[in-house]
Structures are given as structure tokens and as C-alpha cells.
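Below are the chains, spelled out letter by letter.
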Amino acid sequence: MTFKGIATTAVLASVIGLAGCSGNDVKNQSPYAQADGRYQGTLPCADCAGIKTNLEIRNQNDTGASFTLDSTRLGQSQKPLETKGQVLIKENVGPNSYPLVYELKNGQGNTIYNLLPVGNGDMRLLDRNYSRIDSSDNLTLKRIN
């Protein structure tokens, strides 16, 4: 076999090997598939001790996503308020031009939360204008699966 033949075979083997690994690569997943999962946290509240938050995002065949949000106002309620709706993808938004933000819209079309994915799979709350909220409070929902 010639040098050119060996080089071509090596390149092809590398390409085939990489192609086999790409199915598990998060970067190749749709943004809806990347968000699919459950998140928890206690978000700040102006008139209560905090809002215990449980969020589940469900990927719908990589063409959309829905969510179920259970929110309990600590010190005011024992029963969670359940909100369901759709997840919208926003790209290059806000003053920082975030490449990807998840906007949760309820059944009436109102925005519930704007969430910025952070490097470890968690989601950080943004304001209505897709800006970071200047606060010492915890504004992160931790991914639990």
C-alpha cells in the first residue's frame, strides 16, 4: 500500500470513529433535548421566605418542549401551584446576546421565567429583558437528573 493509501485509510478510520461518538455529544443534541430533565431550587420572593420550585422540561421529538412547574410559597402555602406550558427557544437575546435562553410560557401566553443554561446543566433565572439579575440571592435551579 502506498503512503497516500495509508494516509487516506487513517483519515477515513478517524472520521468513522468520530461519527460513531457524535450520537452522545451534547453539542449535537437539539436545545430541547439538552434541557430535558428535572430542576429544583428555592427562588427569592418579595413577600415570603422563598419560592420552592420544581421544574420538569419534557422534550417533544426535538421540535419543541413542554414544562410543568410546581411552586410553593414558603411560609404562606403548603400546597404547590402547578403551572404548565411551552418552552420557547430564544437565541442571541438580551444585552449580553446570550446564545440560548429558555422562555417558559404558560397556557395564556404569559412568560413565567427566562432561564439561561449554565455550564453544569443548571438553569439561572434572568429578568424579563434577558439580563442577569443583580442579587445575592440564589437564582439557580439545579438539574437533578
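Residues numbered from 1 in each chain as written. Predicted model: local features only at pLDDT ≥ 70, side-chain atom pairs only at ≥ 80, totals over all residues. Heavy atoms only, no water.

(A) Seen up close, the sheet that holds strand 3 (residues 65–73). Pairing is antiparallel around the closed barrel formed by 8 strands, whose spatial order is 1-2-3-4-5-6-7-8. The sheet shows a mean angle of 30° between the axes of neighbouring strands, taken without regard to direction. (Pairing = 2+ DSSP bridges. Helix = DSSP H or I, 4+ residues; strand = E, 2+ residues; numbered from the N terminus. Axes fitted to C-alpha atoms, helices over the stretch in contact; angles between N-to-C directions.)

(B) Quick peek at the pattern of salt bridges. One pass over the structure, following the stated rule, counts 6 salt bridges. In this structure, the salt-bridge partner of Lys142 is Asp122, at a minimum N-O distance of 3.4 Å. Of the two residues, Lys142 is situated in strand 8 (residues 140–143) and Asp122 in the loop between strand 6 (111–117) and strand 7 (123–126); the sequence distance between them amounts to 20 residues. Residue Lys142 is classed as partly exposed on the basis of its relative accessible area, which comes to 44%. Owing to a relative accessible area of 5%, Asp122 belongs among the buried residues under this scheme. Ionic contacts of the salt-bridge type, sharing partners, join the residues Lys90, Glu103 and Lys105 into one network. (Salt bridge = Lys/Arg side-chain N within 4 Å of Asp/Glu carboxyl O. Buried < 20%, exposed > 50% of the residue type's maximum accessible area, 1.4 Å probe, protein only.)

(C) Unusual backbone geometry, seen in detail. We note that Asp62 has phi near 60°; this positive angle belongs to a residue other than glycine. For Asp62, the position within the fold is in the loop between strand 2 (51–59) and strand 3. We classify Asp62 as partly exposed; its relative accessible area is 41%. One non-glycine residue, Ser97, adopts positive backbone phi at about 45°. By the secondary structure assignment, Ser97 is in the loop between strand 4 (81–90) and strand 5 (101–106).

(D) View of the confidence of the model for the protein. Put simply, the protein has an average pLDDT of 85, and 81% of its residues get 70 or more. Within the protein, no element has a lower average pLDDT than helix 1 (residues 3–21), which sits at 37, and none a higher one than strand 5, at 98. (pLDDT = per-residue confidence, 0-100.)

(E) Spatial organisation of the state of the cysteines. Applying the stated criterion across every chain, the model contains 1 disulfide. A sulfur-sulfur separation of 2.2 Å characterises the disulfide bridge that pairs Cys45 with Cys48. What sets the handedness of the Cys45 and Cys48 disulfide is the S-S torsion sign, and at about 125° it is right-handed. Taking the relative accessible area as the measure of exposure, Cys45 reaches 18% and is therefore buried. (Disulfide = S-S within 2.5 Å.)

(F) Seen up close, the environment of Pro95. Secondary-structure assignment places Pro95 in the loop between strand 4 and strand 5. Taking relative accessible area as the criterion, Pro95 reaches 61% and is therefore assigned exposed. With residues near it in sequence (within four places) discarded, Pro95 still touches Asn129, Tyr130 and Ser131. (Contact = heavy atoms within 4.5 Å.)

(G) Representation of the pairing of strand 2 within the structure. Sheet analysis places strand 1 (residues 37–43) next to strand 2, joined by 7 bridges and oriented antiparallel. Across the sheet, the residue bridging to Tyr39 is Leu55, located in strand 2. What sits between the antiparallel neighbours strand 2 and strand 3 is a turn of 5 residues, in which Asn61 has the positive phi angle 55°.

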